[in-house]
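Chain and residue survey
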Amino acid sequence: MRVGWMGLVMALAMPLSAQGVDEASFRGDPKKLAATFAERARILKPNDSRHLAALGRAFLANGERRKAEEVFLQAKVLDAKDGETHRLIMAAWLRSGQKTEALKALDDMQLLDPKNRKVFAKGAVDLLEAGLDRPAQDLMERAWALDTGDWEPCLAFVRAALRKHRPDIAAKWSSRAVIMKPQEERLWRELALAYADGGAER
């Protein structure tokens, strides 16, 4: 018998030994399943702001904006200074096409966690993939300024630029990466694959 998505939430809330969840539980509307799985993460670790941000993203995917805003607020209250939480909220708004709300989350991320270069680099990729080229490049510059010795974030940004058919941006950040580690064979290999595959993630 097919398990409804609300029934699956209840089943997932039970102890693992009593779940009775089978393969059929993972069939159905992917967006509803996303909300179910995010809720499972929240149940297992209720005070994790990042799980709440994921749950909000799933609500947005289902068109449930009010619920998303509620859990985003809970996430920010739980860990106001965690840049990754704000980045996840930003990415959720970006993926739902709400750029104004996404840019507000971007401002919060930079204000409340101002030296988190890894989060900035990931956020730059999110922004570039959403078509916000200028904010993406500004954020990547900020990540670069915090650590000019790590080429891997540059490579991730290069891949995103290639996926978005922005060879100018890809060239700039490829150059930055190589300036850092010109004798790093792994960097050259990864650049070769990035350009060969149009930036596709491996």
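Note: the structure precedes this text.
Let me begin by describing the structure that accompanies this report. The structure presented is a predicted model; accordingly, all values stated were derived computationally and were not measured.

By the element assignment, Ala-53 lies in helix H3 (residues 49–61). The sequence separation of Ala-53 and Glu-84 amounts to 31 residues, and the corresponding C-alpha distance is 9.5 Å. Every residue in contact with Ala-53, bar those within four places of it in the chain, is listed here: Phe-72, Ala-75, Thr-85, Leu-88 and Ile-89.

For the coordinates displayed, the defined rule picks out 24 salt bridges. As a salt-bridge pair, Arg-117 and Asp-150 come within 3.2 Å of each other at their nearest N and O atoms. Residue Arg-117 is found in helix H7 (residues 117–129), and its partner Asp-150 is found in the loop between helix H8 (133–146) and helix H9 (152–163); the two are separated by 33 residues along the sequence. In the salt-bridge network here, residues are joined through shared partners; they are Glu-84, Arg-87, Lys-122 and Asp-126.

A separate point is H7. Here H7 is 13 residues long and its end C-alpha atoms lie 19 Å apart, about the 18 Å a rise of 1.5 Å per residue gives. Buried residues of H7: Val-119, Phe-120, Ala-121, Gly-123, Ala-124, Val-125, Asp-126, Leu-127 and Leu-128, and no others. Positive backbone phi, at 85°, marks Gly-131, one or two positions downstream of H7.

The next point concerns the packing of H8 against helix H10 (residues 167–180). Between H8 and H10, the shortest axis-to-axis distance is 13 Å and the interhelical angle comes to 5°. Relative to H10, the element H8 lies roughly parallel. Contacts between H8 and H10 involve Gln-137, Met-140, Glu-141 and Trp-144 on the former and, on the latter, Ile-169, Lys-172, Trp-173, Arg-176 and Met-180. For the contact of H8 with H10, the residue count by class is five nonpolar, one polar and three charged.

Calculation notes
- Residues numbered from 1 in each chain as written.
- Predicted model: local features only at pLDDT ≥ 70, side-chain atom pairs only at ≥ 80, totals over all residues.
- Heavy atoms only, no water.
- Helix = DSSP H or I, 4+ residues; strand = E, 2+ residues; numbered from the N terminus.
- Contact = heavy atoms within 4.5 Å.
- Salt bridge = Lys/Arg side-chain N within 4 Å of Asp/Glu carboxyl O.
- Expected span 1.5 Å × (residues − 1).
- Buried < 20%, exposed > 50% of the residue type's maximum accessible area, 1.4 Å probe, protein only.
- Axes fitted to C-alpha atoms, helices over the stretch in contact; angles between N-to-C directions.
- Parallel < 35°, antiparallel > 145°, perpendicular 65-115°, else oblique.
- Nonpolar A, V, L, I, M, F, W, Y, C, P; charged D, E, K, R; others polar.

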